[in-house]
Amino acid sequence: MGQSIEFGSFLSAMRARLQPDPAAALTTRRVPGLRREEVARLAGVSTDYYTRLEQGRNIAPSRQVLSSVARALELNDSESAHMFALLENCGGKVSNPPSVQRVRASMRQLLEAVGEVPAVVLGRRTDVLACNRMASLLFADFPAMAREQRNYTRWIMLDPAARVLFRDWHSAASDAVATLRADIGRHPGDPAATALVGELAVNSEDFRQWWARHTVARKASGTLALRHSVVGDLALDFEHLLLPDDPDQHLRIYTAKNGSPSQDALKLLSAWAGSPENSAVSNPSKGITSP
């Protein structure tokens, strides 16, 4: 599918989620959301022009026009950035990022330095590029997986253990899909991303529904409620940090409040894995090295 068509599909999905005003809602509507002419009026453009945008025509709207469309569609910052990224990459403009993503040695040292709390480096397509021992114990042993399976969205969507681990799996999984959608907008020509989306669409009804909504998000922080098979319930805060030297890599660190039961649970998990009877999981592979 051409990226210009993807741009139009995104606009259409954003328009469908908007609710008409009460007076307009009384009229007969065949489709959900606002009509094209209503969005065009709010954006200050002609209906024909906005229609061509949704149809993925090869036109070049100005940033001022796109900003008006974003306001009319009530896009948030992440959605607006995604819209601009889609347009920038449409019409055959395909980015060619390096096929191999590598994590700096200093970043691996940082992962080990914060070894008492889980930490992960995510790359394009939400690939898990590196993680420390606590992340492997809490979530999954990503370093032990085949390279093509080391992907956060793939794991949370397809691994039954992930559905058990996340107490609000639907929220966590839909957030992962929204993050993947944002990456697709930045790198539309990535064949690995195309393969990943295809695999998830074939194997997950939830993914198909969420992907069709074109939801875009990349949470900078938040809280996860987990139910671990060994240490029970945890509430962990996370920070999602962009690495300035590589905009395609993000560091995610999970912490528990000082003196909380969740902090005690993390310490218990580390001690449990380090006990002789659990030696098989006490030292999961350190980090991940891309071939």
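Residues numbered from 1 in each chain as written. Predicted model: local features only at pLDDT ≥ 70, side-chain atom pairs only at ≥ 80, totals over all residues. Heavy atoms only, no water.

(A) Layout of the overall build of the chain. Helices and strands together make up the secondary structure of the chain, namely 15 helices and 5 strands. Relative to its full complement of 291 residues, the chain shows a buried share of 49%. Considering only intrachain contacts with a sequence separation of at least 6, the fraction spanning at least 24 residues in the chain is 58%. Accessible surface computed for the chain: about 14600 Å², of which carbon and sulfur atoms make up 52%. (Helix = DSSP H or I, 4+ residues; strand = E, 2+ residues; numbered from the N terminus. Buried < 20%, exposed > 50% of the residue type's maximum accessible area, 1.4 Å probe, protein only. Contact = heavy atoms within 4.5 Å. Areas by Shrake-Rupley, 256 points an atom, 1.4 Å probe, with all protein chains shown as cover.)

(B) Structural detail: unusual backbone geometry. Even without a glycine there, the phi angle at Glu74 is positive, about 60°. Although it is not a glycine, Arg125 sits at a positive phi angle of roughly 65°. Following the sequence through the fold, Arg125 ends up in the loop between strand S1 (119-122) and strand S2 (128-131).

(C) Layout of empty space enclosed by the protein. Here the structure, examined in full by the defined rule, presents 2 cavities of 30 Å³ or more. By volume, the largest cavity amounts to about 80 Å³. Lining the largest cavity are 13 residues, and of these Gly123, Thr179, Asp183, Arg218 and His250 lie nearest its centre. Listing elements by their share of the lining of the largest cavity, those giving two or more residues are helix H11 (169-186) and strand S5 (246-255). Counted by class, the lining of the largest cavity contains 2 nonpolar, 5 polar and 6 charged residues. (1 Å grid on protein atoms, 1.4 Å probe; cavity = no way out; pocket = protein on both sides within 12 Å on 5 of 7 lines; lining within 4 Å. Points joined across faces, edges and corners; volume = space filled by probe spheres on them. Nonpolar A, V, L, I, M, F, W, Y, C, P; charged D, E, K, R; others polar.)

(D) Spotlight on the pairing of S1. Along S1, one buried face is formed by Ala119 and Val121 and the opposite face, lined by Val120 and Leu122, is buried too. Strand direction decides the pairing type here: S1 and S5, joined by 4 bridges, are antiparallel. The residue bridging Val121 from the neighbouring strand is Leu251, located in S5. Note that S1 and S2 share 3 bridges and pair antiparallel. Bridging across to S2, Leu122 finds its partner in Val128. Linkage of S1 to S2, two consecutive antiparallel strands, is achieved through a turn of 5 residues, within which Arg125 is found at a positive phi near 65°. (Pairing = 2+ DSSP bridges.)

(E) Broad picture of the sheet that holds S5. Overall, antiparallel pairing links the 5 strands, which are arranged S2-S1-S5-S4-S3 in an open sheet. Of all strands in the sheet, those with a lone pairing partner are S2 and strand S3 (221-228), marking the two edges. Here the strands of the sheet are splayed against their neighbours by 25° on average, with no regard to which way each runs. Against the sheet, helix H14 (residues 261-274) engages S3 and strand S4 (232-243), with an angle of about 90° to S4. (Axes fitted to C-alpha atoms, helices over the stretch in contact; angles between N-to-C directions.)

(F) Fine view of the packing of helix H3 (residues 36-43) against helix H5 (residues 63-72). Interhelical geometry of H3 versus H5 gives an angle of 120° and a closest axis separation of 8 Å. When the axes of H3 and H5 are compared, the pair comes out oblique. You can see that H3 and H5 cross each other, and the crossing is right-handed. Residues Val39, Leu42 and Ala43 of H3 pack against Ser68, Val69 and Ala72 of H5. Residues belonging to the contact of H3 with H5 are distributed by class as follows: 5 nonpolar, 1 polar and no charged. (Parallel < 35°, antiparallel > 145°, perpendicular 65-115°, else oblique. Left-handed = near helix turned anticlockwise from the far one by under 90°.)

(G) Structural view of the packing of H11 against helix H13 (residues 205-212). The geometry of H11 relative to H13 is characterised by a closest axis approach of 10 Å and an angle of 50° between their N-to-C directions. The angle between the axes of H11 and H13 places the two elements in the oblique class. Between H11 and H13 lies a crossing of right-handed hand. Contact with H11, carried on its side by Trp169, His170, Ala173, Ser174, Val177, Leu180, Arg181 and Ile184, involves Asp206, Phe207, Trp210 and Trp211 of H13 and no other residues of that element.

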